[in-house]
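Spelled out from the first residue to the last, the chains are:
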Amino acid sequence: MISKDKLKNSSIKEIIEEYPYTESFFEDQKLAVDDKEKTLKEIFSELTIEEMEDVVFDLDQFADSLSSHIRNMQEFLGENDSIVAKLSILAGNNKDGEKENYEKLDIHSGEIISIVGPTGSGKSRLLADIEWTAQGDTPTERQILINDEVPDKKWRFTGGKKLVAQLSQNMNFVMDLSVIEFLNLHAESRLIDNQAEVVERIFREANQLAGEQFGREAQITSLSGGQSRALMIADTAILSSSPIILIDEIENAGIDREKALELLVGEEKIVLMATHDPILALMGDKRIIINNGGIKDIIDTTAEEKELMQELKVLDKVLTDLRDDLRYGKNLSRISEELAEIKSA
Amino acid sequence: MNLVTFSGPPSSGKTAVILKTIEAIKQQGLKVGVVKFDCLYTDDDELYRKAGVPVKKGLSGSLCPDHYFVSNIEEVVQWGRERDLDLLITESAGLCNRCSPYIKDIKAICVIDNLSGINTPKKIGPMLKTADIVVITKGDIVSQAEREVFASRVSTVNPDAMVMNVNGLTGQGAFEFSTLLYDQDDHIDTVTGKKLRFSMPSAMCSYCLGETRIGEEHQLGNVRKIELGDE
Ligand SMILES: Nc1nc2c(ncn2[C@@H]2O[C@H](COP(=O)(O)OP(=O)(O)OP(=O)(O)O)[C@@H](O)[C@H]2O)c(=O)[nH]1
Ligand SMILES: [Mg+2]
Ligand SMILES: [Zn+2]
Ligand SMILES: [Zn+2]
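Residues numbered from 1 in each chain as written. Chains lettered and ligands numbered in written order. Predicted model: local features only at pLDDT ≥ 70, side-chain atom pairs only at ≥ 80, totals over all residues. Heavy atoms only, no water.

If you look chain B up in an unreviewed UniProt entry, it shows as Ni2+-binding GTPase involved in maturation of urease and hydrogenase from Halanaerobium saccharolyticum.

Going by the annotation in an unreviewed UniProt entry, the name recorded for chain A is ABC-type lipoprotein export system ATPase subunit, with Halanaerobium saccharolyticum given as the source organism. What the UniProt record of chain A gives under Sequence similarities (unreviewed entry) is the line "Belongs to the ABC transporter superfamily." (UniProt positions renumbered as here; feature names shortened; annotations may be inferred.)

Structure, rendered in C-alpha cells:
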C-alpha cells in the first residue's frame, strides 16, 4: 500500500517520476496544477472554489483515489498473475434443472472451441458464466476455475482487465481516428514499452488478414466490413488484455478466417467461437453443443471432419469465385469440374 | 427497504439497464419500485409502468435536477416504504455535470455508454467520480479496443469503482449486476440526517434563476469569465 501521507507531501513531479502513468491521472482528474514542483498538499491549499469544484475531491479523498489508481496500475502491469493457461467449466444445470451431460471441460490456451446450438439455447449464458467466473451463483450454477483454482474476484470488477474480449458482427469503429492513431491510443492505454513496434505489427497482420489492403492513414470509420474485422481481430489478438476471446460468427467476406484464428491462437489466447457455419465450427479442436440452457455434448473434431473441412473450403472457394464473377459482370459456367476435383481429392 | 441511486448522462441506457436488472431481481421474489427525476420531460415512467413496476416521476423544471432530487428524496423514500418495496431505485437524468445525487452510505451507480466518446468520463465529474459501481453500456456496437480504452478512462477517473459491462438491449451482464444491488441486511427507513457525497455548487448564476438580459450588470452569483488571452 502506498502511503497517503507520503503522496500528499510529494511534489507532482516526484509522483510522476516514480509512477509515470499518473500523468494522465492528474489530467483526467482535472486538478489545476500550475507548478509541478509543488506538493499535492500545497496545490490543494491554493485551489480556488471553482477549481475545487472541478476536482470534486478534497485532499484526503484525492490522495485515496491516487493511491487506488497506482495500485490498479501496478496490478495491471503485473501480467504474471493473470496468465490463463487453463480454463475449466464445471457442469451445472440446464433450464429444467437437470444436470448437464458432462462433468468438467478443460480448455487450454491456444485452443479453439466452437459453440453450436439454436438461437436462444444458452450460448450467451455460457459466455456470461465464464466472464463472471461463476461460482454456482448464476442461474446455471456452473463453476469456473482458472489454472485449477477459484479465480480472483478482480476478474469481475476491474475496469482495466476483463477475462473475455468479444468480437461480433455488429461491432463498428466509432472514433474519428486514423488506423495508426487508433492503434496508438489503444497501445497507450495498455502502457506497453515497445509501442511503435507493436502498432506496426498489428497494422501488418491486419493487412494480411484483409482481402483488400488499407493504409496507415485511412480513417477507421471508413474501412470496409472485411477491413474493419481484420483490424479488430489483429488488434484484439496482439493488444487486448483479455486472455479469452469470444467470436460471434466471422462472416466469410473480405477476410481470411483461418489466418485470423491462427493469429489469435498464436498469441496463446483461448478462442471460443459461436457459429452456425460448418467451416468455422470445424476449425475448432472441440465443439460444445448447447441445448435448452445446458451443455448437451462436447465433441472432439475428428480426423474425418478435418478432411471434410478441407472439402468445404474448396466448395466455399468455388462459391466465392462465382460471386466475384457475378459482381464483375462475367458469364457464369458450370462447376462440375471443380466438384469432381473435390471428390477425387 | 434498500435504496439505490442511479445517475448518468442522457440516453446512456439507465432505464434499459434498470429494467433488465429488475427482471433478474424479481426472480428472487423482491418488490421493486422506481422514481425518475428529470428536468423538463420524460416518458420513462411509461416504460416502467408497462413492465409492471410501481413508478413516480418528478420534473425539476428550470432547476438543476440534482438540487431538486435532494429536496425531495425523503418524501420519495416514504413513498417507497408505504408501498412495501424491498428495493427503491431512483433514476436521475445526469444533466448537470457539476452535481451528483449520490448520498453517503447509499449505493450509487453511474451508467455511461461506450458511444459517448472517450473524453466523457473526465467531463462528467462528480456523477462518475463518486459512484460505487460504474455500468458501461452499448458494448455490443463498438470495437473491443474502444471498449478497453473507454473502460480504462473510467477507471482513471474513478479508481475505486467496480466497473461492469451491461448490455441494455440483450440484458447481458444484468443478472450479475443485480446480485450487487440488493442486500438483505440493509434497511433504510429515512434519509433524513444523511449527507450528500459531494456538496453541490451552491451559488447559481442569475441565468439559472430566469434572467434573460445580457450584460455585465445582470450577471450575479457564480459567474466565471472566459480567458481569451492575447494570442
Ligand atoms: N445497442 C445498445 N443500445 C442500448 C444499450 N443500452 C441502451 N440502449 C439504447 O439506448 C437508448 C437509450 O436508452 P435509455 O435506457 O432510454 O437511456 P436513459 O439513460 O434511461 O435515458 P434518459 O433517461 O432519457 O436520460 C435506447 O434506445 C436503448 O434501447 C446497449 O447496451 N446497446
Ligand atoms: Mg431513462
Ligand atoms: Zn447541478
Ligand atoms: Zn446558471
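Before going further, it helps to examine the domain arrangement of chain A. Residues and elements named next belong to chain A. Taken domain by domain, chain A comprises domain 1 (4–77), domain 2 (85–301) and domain 3 (309–344). Domain 2 and domain 3 are separated by 31 Å when their C-alpha centres are compared. Listed by partner, the interface residues are 7 residues for domain 2 and 4 residues for domain 3. Interface of domain 2 and domain 3: buried area, both sides summed, is about 540 Å²; carbon and sulfur atoms make up 62% of it. Across the domain 2-domain 3 interface, the total number found is 1 salt bridge. Taking the shortest distance from any N to any O, the salt bridge between glutamate 258 and lysine 313 comes out at 2.6 Å. Our count for the domain 2 to domain 3 interface comes out at 1 residue pair in polar contact (both at pLDDT 80 or more). Elements with a contribution of two residues or more to the side of domain 2 that touches domain 3: helix H12 (257–266) and helix H13 (278–282). Ranked by residue count, the leading element in the side of domain 2 that touches domain 3 is H13, at 3 residues. (Domains from an automatic or database assignment. Contact = heavy atoms within 4.5 Å. Buried area = accessible area lost by both parts, 1.4 Å probe. Salt bridge = Lys/Arg side-chain N within 4 Å of Asp/Glu carboxyl O. Polar contact = N/O pair within 3.5 Å; in protein donor to acceptor, adjacent residues only side chain to side chain. Helix = DSSP H or I, 4+ residues; strand = E, 2+ residues; numbered from the N terminus.)

Residue and element names in this part refer to chain B. Protein coordination at the zinc ion (ligand 3): the donors are Cys64 (SG), Cys96 (SG) and Cys99 (SG), at 2.2 to 2.3 Å from the metal. On the primary sequence, the residues serving as donors to the zinc ion (ligand 3) are separated as C-x31-C-x2-C. Placement of the pair is cysteine 64 in the loop between strand E3 (55–59) and helix H3 (65–82) and cysteine 96 in the loop between strand E4 (87–93) and strand E5 (107–113), with a sequence separation of 32 residues. With relative accessibility at 12%, the residue cysteine 64 sits in the buried group. (Donors = N, O, S within 2.8 Å, 3.2 Å for Na, K, Ca; no water. Buried < 20%, exposed > 50% of the residue type's maximum accessible area, 1.4 Å probe, protein only.)

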